[in-house]
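Architecture and fold: a report
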Amino acid sequence: MNKFSSRLVAHRGYMELYPENSWRGLKAALDKGANWIEFDIQMYQPGQFVLLHDADFQRTANTPLPLFELTEAELQQISIHEPGRLGERFAPEPIVSLEEVLIRLGDYPSAHAMVEIKEESLDYWGLEAVMHSLLPIISRFKTQCVLISFSLDALRYSRNHSDLETGWVLRRYDAQSLILAAELNPEYLICNYTKLPPNKKPLAGEWRWMIYDITDPELALQWMKLDVDLVETRDIGRLISYLNSPTDTGH
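Structure report, in brief. It should be emphasised that the depicted structure is a prediction, and the values quoted were computed from it without experimental measurement.

So, the overall build of the protein chain
Each helix and strand counted, the protein chain has 11 helices and 9 strands in total. Across its three principal directions, the C-alpha atoms of the protein chain cover 50 × 45 × 30 Å. Summarising the internal contacts of the protein chain: among those between residues at least 6 apart in sequence, 56% fall at separations of at least 24.

Rendered as structure tokens:
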């Protein structure tokens, strides 16, 4: 694996070909050689976290059941195989817990995870309740994890109560956001690449830059050459293959 392909991040796993935020998809990305994976988490009961981007299962399981109102038994009956996008070939696909994924990540000691706590959980349960439960879990695996969020308050809480690395996901790339970033001083700043000025290096700081969501390998390479440290993609297999090819322009 070359210096460029090692800087790719598998967005919700290998989600181009597999159900998002599933262990199957994360494992596929890791087995392809991904050094980084990213996934979303929600707290569905006090102290209990599962991988899920939304607050319900309409997209991933074709059912509108709301996460925060389900019992443990109901949760175990849901299959997140994304029938609307992927048909039935991955059914059944069980929901996976945060701790289960982090334990399994230990089988890939050189890999790291961007763990995104979603704002729906913070709003529903309250920021302190969620973060008080979450930080001890992730801290057990801190050598392989970075806690990321759109929520500046959640990352401030993490700064004050743990030594976890953090990444702030920007809604806007503007002067005010960069002032707040300098105050927070996260290890990573994360932004949709379409919000950045094209063909221009993003503002340097103590942080490293990660951009998302790129599926064009040439575009990924272009941004890496502009000092973007990490590029997140839903199509990790395609980009790794391209950047490892002896004919690609990165060699």
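Structure shown, so let's carry the discussion forward.
Quick notes on the packing of aromatic side chains
For the structure on display, the rule yields 7 aromatic pairs. Summarising the aromatic geometry, the rings of F68 and W125 are spaced 6.2 Å apart at their centres and angled 85 degrees between planes, so their arrangement reads as edge-to-face. Here F68, found in the loop between helix 2 (58–61) and helix 3 (72–76), pairs with W125, found in helix 6 (residues 119–125); they are 57 residues apart in sequence, far enough to count as distant. A residue is classified by how much of its surface remains accessible, and F68, at 14% relative accessible area, is buried. W125 sits in the partly exposed class, given a relative accessible area of 26%. Put simply, the rings of Y14, Y18 and F90 pair up and form one aromatic cluster.

Here's the deal with the nonpolar core
Formed by 65 residues in total, the largest nonpolar core has its most connected members in I37, F39, I41, F49, L98 and L134. Sorting elements by how many residues they give to this core places helix 7 (residues 127–139) first, with 6 residues. Contacts of F39, omitting those with residues within four sequence positions, involve R12, N21, L26, L51, L98, V101, L102, A113, M114, V115 and E116. With 12 residues, the next largest nonpolar core counts L52, A61, L75 and I95 among its residues.

So, the packing of helix 7 against helix 8 (residues 152–161)
Contact geometry for helix 7 and helix 8: axes closest at 10 Å, N-to-C directions at 50 degrees. Between helix 7 and helix 8, the crossing angle belongs to the class labelled oblique. Between helix 7 and helix 8 lies a crossing whose hand is right-handed. Residue-level contacts link L127, E128, M131, H132 and L135 of helix 7 to D153, A154, Y157, S158 and H161 of helix 8. Taken together, the residues of the contact of helix 7 with helix 8 break down into 5 nonpolar, 3 polar and 2 charged.

What counts, and where the lines are drawn
Residues numbered from 1 in each chain as written. Predicted model: local features only at pLDDT ≥ 70, side-chain atom pairs only at ≥ 80, totals over all residues. Heavy atoms only, no water. Helix = DSSP H or I, 4+ residues; strand = E, 2+ residues; numbered from the N terminus. Contact = heavy atoms within 4.5 Å. Phe/Tyr/Trp six-rings, centres within 6.5 Å; stacked < 30°, edge-to-face > 60°. Buried < 20%, exposed > 50% of the residue type's maximum accessible area, 1.4 Å probe, protein only. Core = buried A, V, L, I, M, F, W, Y, C linked by side-chain atoms within 4.5 Å. Axes fitted to C-alpha atoms, helices over the stretch in contact; angles between N-to-C directions. Parallel < 35°, antiparallel > 145°, perpendicular 65-115°, else oblique. Left-handed = near helix turned anticlockwise from the far one by under 90°. Nonpolar A, V, L, I, M, F, W, Y, C, P; charged D, E, K, R; others polar.

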